Each structure stands twice: as C-alpha cells, then as structure tokens.
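Each chain, written out:
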Amino acid sequence: MIVWITGLPGSGKTTLAKKLKSILETKISSNIVLLDGDNIRSILPFKISYSNEDRIKLAFFYSKLALLIEESNSIVICSFVALFHSVQAHTRFKANDLFEIFLDPPLEELAKKNKKDLYSEKSEYMLEQFNKHQFPINPELRVNTIVNGVYQDHINEITDKLFKKLQISK
C-alpha cells in the first residue's frame, strides 16, 4: 500500500507522515517506509530546478520509487507536494493500493506561517509555481490542517479510515 500525503508547502505533510509512520510501526511493526520530498531531493545525484518541467519529472520519480518499494510488500508513506494530475493518476493506476490524503489548509493560514518564505506576494514560488498546482480530484481524505494558526493533524480521522482499509483494529 502507498499512503500518499500531498498538499502545499507548509501544510504539515512531513509532520503527519512521521506521526503516521510511528503509529503504523507500533501497530504493524514491519515494512513501513517513509519517503519525504525534502529528504529525497537532498540526496539526488543530479540537480533538479523548481521549473514546472523538473517538478513533474521529480514527481514521477517519487511515484516510481514508491511503487518499487510497495512491490516488496511494504507500506510506503509519501509526503510530497507533487500536485500534478498526471502523477496522481499514474500512481493510482499502478499501485496495488493507494490511500491519498490531501492536506488543504486555507492559503491565508499558510501565508501567516510562511515557514519557507514561499507565500509572500513577490516570492518566486507564488509568482511562478503556485498557479500550476493541480489539486487532487478525489482523495480518500481531504483535511484542513491549520485552523486559527494552530496545526491540526487529524490523526484519529486518518488512522480510522486507514486502519479500516488495511483491515487492522485500532
């Protein structure tokens, strides 16, 4: 199974993925792999820009890596921006089982936090990348992760649905 956590930068993907991995390791205790976009990008043996073309190539690379690991009977937790319909469709079609979680806080809340200085009006991200995102059409879960400036992980809602899909008791 692939648990694909996606959303805009700063929406809480990595935090949620780490928490979910810890819970699954306690419940299942084996073969849980976490793939995080920032970590993978840091070890690539080639340079990837933030151009739309490179971002799509990288998103397909993430998808293919997750699919490869899934073949070894692992649960793969992915935390990537990777907001492209073609990548979402490819992953859903090829995966043995996919559980997509879209973290969808209001843009205003992300701008308030602005951890990576991405959401200022003149940032390269807002000027060149933001409007190219293609948000998931039909994820298994869509959650608002920031309410009144406070991060909400929705872990109970997520684990309820995921455990049901995995057929394990809570």
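Above this text you will find the structure in question.
Here's a quick rundown of the structure. Just so you know, the residues in each chain are numbered from 1, in the order the chain's sequence is written. Residue-level local features of this predicted model are given only where pLDDT is at least 70; pairs of side-chain atoms are given and counted only at 80 or more, and the full residue set underlies all totals for whole chains, interfaces and linings. Computation of side-chain values: all heavy atoms of the structure, hydrogens and water removed.

## Some points on the overall build of the chain
Helix numbering and strand numbering both begin at the N terminus, where a helix is a DSSP run of H or I of at least 4 residues and a strand a DSSP run of E of at least 2. When helices and strands are tallied, the chain shows seven helices and seven strands. Its C-alpha atoms give the chain a radius of gyration of 16 Å, near enough to 15 Å, the size a compact globule of 170 residues would have. Principal-axis analysis of the C-alpha atoms places the extent of the chain at approximately 45 × 40 × 30 Å. Put simply, 77% of the contacts in the chain that link residues at least 6 apart link residues at least 24 apart. Of the roughly 9200 Å² of accessible surface on the chain, 52% is carried by carbon and sulfur atoms. As used throughout, the charge tally considers Lys and Arg to be positive and Asp and Glu to be negative, leaving His and the chain termini uncounted. By convention, the point assigned to a charge is CZ for Arg, NZ for Lys, CD for Glu and CG for Asp. On the chain, the mean spot of the 23 positive side-chain charges and the mean spot of the 20 negative ones are 2 Å from each other. Here the radius of gyration uses the C-alpha set of atoms, whereas the globule reference equals 2.2 Å times the residue count to the power 0.38. The contact definition used throughout considers only heavy atoms, calling two residues in contact when any of these lie within 4.5 Å. Using a 1.4 Å probe, accessible areas were evaluated by the Shrake-Rupley method; residue-level cover was limited to the displayed protein chains.

## Examining the sheet that holds strand S2 (residues 32–36)
Strand pairing requires that DSSP identify at least two bridges connecting the strands. Across the sheet, which stays open at both edges, the five strands sit in the order S2-S3-S1-S4-S5 with parallel pairing between neighbours. Two strands in the sheet have a free side with no partner beyond their single neighbour: S2 and strand S5 (141–143). Strand-to-strand twist of the sheet, defined as the mean angle between neighbouring strand axes without regard to direction, takes the value 15 degrees. For strand S1 (residues 2–7) and strand S3 (residues 75–80), the ladder comprises five bridges, and the chain directions are parallel. Its bridge partner being in S3, Val3 is matched across the sheet by Ile77. Sheet strands touched by helix H3 (residues 52–70): S1, S2 and S3. Its angle to S1, the strand with the most contacts, is close to 160 degrees. In this description, a line fitted to the C-alpha atoms serves as the axis of each element, helices being fitted only across the stretch in contact, and the angle between N-to-C directions of two axes falls anywhere from 0 to 180 degrees.

## Section: the packing of helix H1 (residues 13–27) against helix H7 (residues 155–166)
It is the contact of H1 with H7, at a shortest axis distance of 12 Å, that shows an interaxial angle of 45 degrees. In terms of orientation, H1 lies oblique with respect to H7. The chirality of how H1 crosses H7 is right-handed. Residues Leu16, Lys19, Leu20, Ile23, Leu24 and Lys27 of H1 form the contact with H7, whose own contacting residues are Ile155, Ile158, Thr159, Leu162, Phe163 and Leu166. Under this grouping Gly is polar, as are all residues other than the nonpolar Ala, Val, Leu, Ile, Met, Phe, Trp, Tyr, Cys and Pro and the charged Asp, Glu, Lys and Arg. When grouped by side-chain class, the residues that make up the contact of H1 with H7 number nine nonpolar, one polar and two charged. Reported orientations rely on four angle classes, namely roughly parallel under 35 degrees, roughly antiparallel over 145, roughly perpendicular from 65 to 115, and oblique for the rest. Definitions for this section: a left-handed crossing has its near helix turned counterclockwise from the far helix by less than a right angle. A right-handed crossing has that turn clockwise.

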